[in-house]
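Here's the letter readout for the chains.
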Amino acid sequence: MATTNLSYYDKATIPNANSFRFGIVVSEWNPEITQNLKKGAIETLLDCGATKENIISWDVPGSFELVYGCKKMIQSQNLDAIIAIGNVIQGETKHFDFVCEGVTQGIIDLNVKFDVPVIFCVLTDNTKQQSLDRSGGSLGNKGIECAVAAVKMAAIKNLDRSSGSVGF
Ligand SMILES: Nc1c(NC[C@H](O)[C@H](O)[C@H](O)CO)[nH]c(=O)[nH]c1=O
Ligand SMILES: CC(=O)[C@@H](O)COP(=O)(O)O
C-alpha cells in the first residue's frame, strides 16, 4: 500500500520526550529534501517534549556516510535515539541500488551492534517529485514519522527490567 499520510500522530500515544537526548545525522545530498525532513523531525521532537539542548545535529556528505556518522555519534555522545536523514533518487545507473542497500544494511547493523536505536529516515525514490511529496508535500513529512518513532524507541531503550509493556 502506497504511503498515505506521514505527518499524522496522536500525542496521547507518545511518551513525553523531555528527558531524552536525540541525535540527527543529515546527508548533504538533495538538501532541498533533507533539510525539510530535518525541520519536520526537530519540530516534532520539540512538540513531543524534547528540548533544543537535547537535540544535536551533524551533517555528512551523502546517505552512504550516514552509517559512519551515526556510529561516531553513538560512540561520542550520550543519546537515547538517533534519526538518520537522507534522500536517494534513482539516476541512470545501478549506483542508486548500492547506496540504498549500503545505508539500509549499515543502519540495521548499527541497531544490532549498539544500544542506541537508529531510525531509518532515508527516502529512496524513483523521482524527485516522490521525494518532494514525502518531505512536506502532498503525502506529509517522513521526518515527522521518524521523530515519533525516535521518541517511542527512546522510551523502550530506557525501560528497566521491572517495566511491563510500553503502552503507546
Ligand atoms: N546519488 C546520491 C548519493 N550519492 C552519494 C553517496 O551517498 C556517497 O556520498 C558517495 O557514494 C561517496 O561515498 N547520495 C545521496 O544521499 N543521495 C543520492 O541521490
Ligand atoms: C543515486 C545516486 O547515487 C546518483 O549518484 C545517481 O547517479 P547516476 O545517474 O550516475 O546513477
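Just so you know, these numbers come straight off a predicted model, no measurement behind them.

## Examining the state of the cysteines
Throughout the structure, instances matching the rule amount to zero disulfides. Looking at C48, it has no disulfide partner, and the nearest cysteine sulfur is the one in C146, 13 Å off. Between C146, a free cysteine, and C121, which holds the nearest cysteine sulfur, the sulfur-to-sulfur gap is 3.5 Å. Accessibility expressed as a relative area gives 4% for C146, which makes it buried.

## A short note on the site of ligand 1
The immediate surroundings of ligand 1 are formed by S27, W29, N30, G62, S63, F64, E65, N87, V88, I89, H95 and V99. Between S27 and ligand 1, the recorded distance is 3.3 Å, taken from a side-chain N or O atom to an oxygen atom. The protein chains hide 76% of the 430 Å² of surface that ligand 1 would expose on its own. When residues of the shell around ligand 1 are traced back to their parent elements, those giving at least two are β3 (81-89) and α3 (95-113). Of the residues forming the shell around ligand 1, the biggest block, three residues, is contributed by β3. The residue inventory of the shell around ligand 1, partitioned by class, reads five nonpolar, six polar and one charged.

## Focus on the side chain of N54
With respect to the element layout, N54 can be found in the loop between α1 (31-47) and β2 (55-60). Setting aside anything within four residues of it in sequence, one finds N54 in contact with N18, F20, R21 and F22.

## Thoughts on the sheet that holds strand β1 (residues 22-27)
Adjacent strands of a sheet form backbone hydrogen bonds with each other and so pair up, either parallel or antiparallel. Spatially, the four strands line up as an open sheet ordered β2-β1-β3-β4, and their pairing is parallel. One side of each edge strand has no neighbouring strand; the edge strands of this open sheet are β2 and β4 (118-125). Adjacent strand axes in the sheet meet at a mean angle of 15°, parallel and antiparallel pairs treated alike. Examined bridge by bridge, β3 and β4 share eight bridges and lie parallel to one another. Opposite I85, over in β4, you have C121 as the bridge partner. Seen against the sheet, α3 touches β3 and β4 and runs at an angle of roughly 170° to β4.

## Structural notes on the packing of α1 against helix α5 (residues 142-157)
Close contact between α1 and α5 brings their axes to 7 Å; oriented N to C, the two are set at 40°. Looking at the two axes, α1 sits oblique to α5. Here the hand of the crossing between α1 and α5 comes out right-handed. The segment α1 lies against α5, with L37, G40, A41, T44 and L45 engaging K142, G143, I144, A147, V148 and V151. Along the lines of polarity and charge, the residues of the contact of α1 with α5 split into seven nonpolar, three polar and one charged.

## Re the UniProt feature "binding site: 5-amino-6-(D-ribitylamino)uracil" (unreviewed entry) in the protein
Per the UniProt record, the feature "binding site: 5-amino-6-(D-ribitylamino)uracil" (unreviewed entry) sits at W29, S63, F64, E65, N87, V88, I89 and F120. Note on placement: V88 falls in strand β3. Setting aside its immediate chain neighbours within four residues, V88 contacts N30, S63, F96, V99, C100, V122, L123, T124 and D125. By the element assignment, I89 lies in strand β3. Apart from the residues lying within four places of it in its own chain, the contact partners of I89 are N30, F96, D125, N126, T127, K128 and S131.

## Remarks on the site of ligand 2
W29, V88, I89, G91, E92, T93, H95 and F96 make up every residue found near ligand 2. The side chain of T93 places a nitrogen or oxygen atom 2.5 Å from an oxygen atom of ligand 2. In this structure, H95 approaches ligand 2 through a side-chain N or O atom, which is 2.4 Å from an oxygen atom. Within the complex, 72% of the 330 Å² of free accessible area of ligand 2 lies under protein. A per-class count over the shell around ligand 2 returns four nonpolar, three polar and one charged.

The rules behind each value
- Residues numbered from 1 in each chain as written.
- Chains lettered and ligands numbered in written order.
- Predicted model: local features only at pLDDT ≥ 70, side-chain atom pairs only at ≥ 80, totals over all residues.
- Heavy atoms only, no water.
- Disulfide = S-S within 2.5 Å.
- Buried < 20%, exposed > 50% of the residue type's maximum accessible area, 1.4 Å probe, protein only.
- Near = heavy atom within 4 Å.
- Polar contact = N/O pair within 3.5 Å; in protein donor to acceptor, adjacent residues only side chain to side chain.
- Areas by Shrake-Rupley, 256 points an atom, 1.4 Å probe, with all protein chains shown as cover.
- Helix = DSSP H or I, 4+ residues; strand = E, 2+ residues; numbered from the N terminus.
- Nonpolar A, V, L, I, M, F, W, Y, C, P; charged D, E, K, R; others polar.
- Contact = heavy atoms within 4.5 Å.
- Pairing = 2+ DSSP bridges.
- Axes fitted to C-alpha atoms, helices over the stretch in contact; angles between N-to-C directions.
- Parallel < 35°, antiparallel > 145°, perpendicular 65-115°, else oblique.
- Left-handed = near helix turned anticlockwise from the far one by under 90°.
- UniProt positions renumbered as here; feature names shortened; annotations may be inferred.

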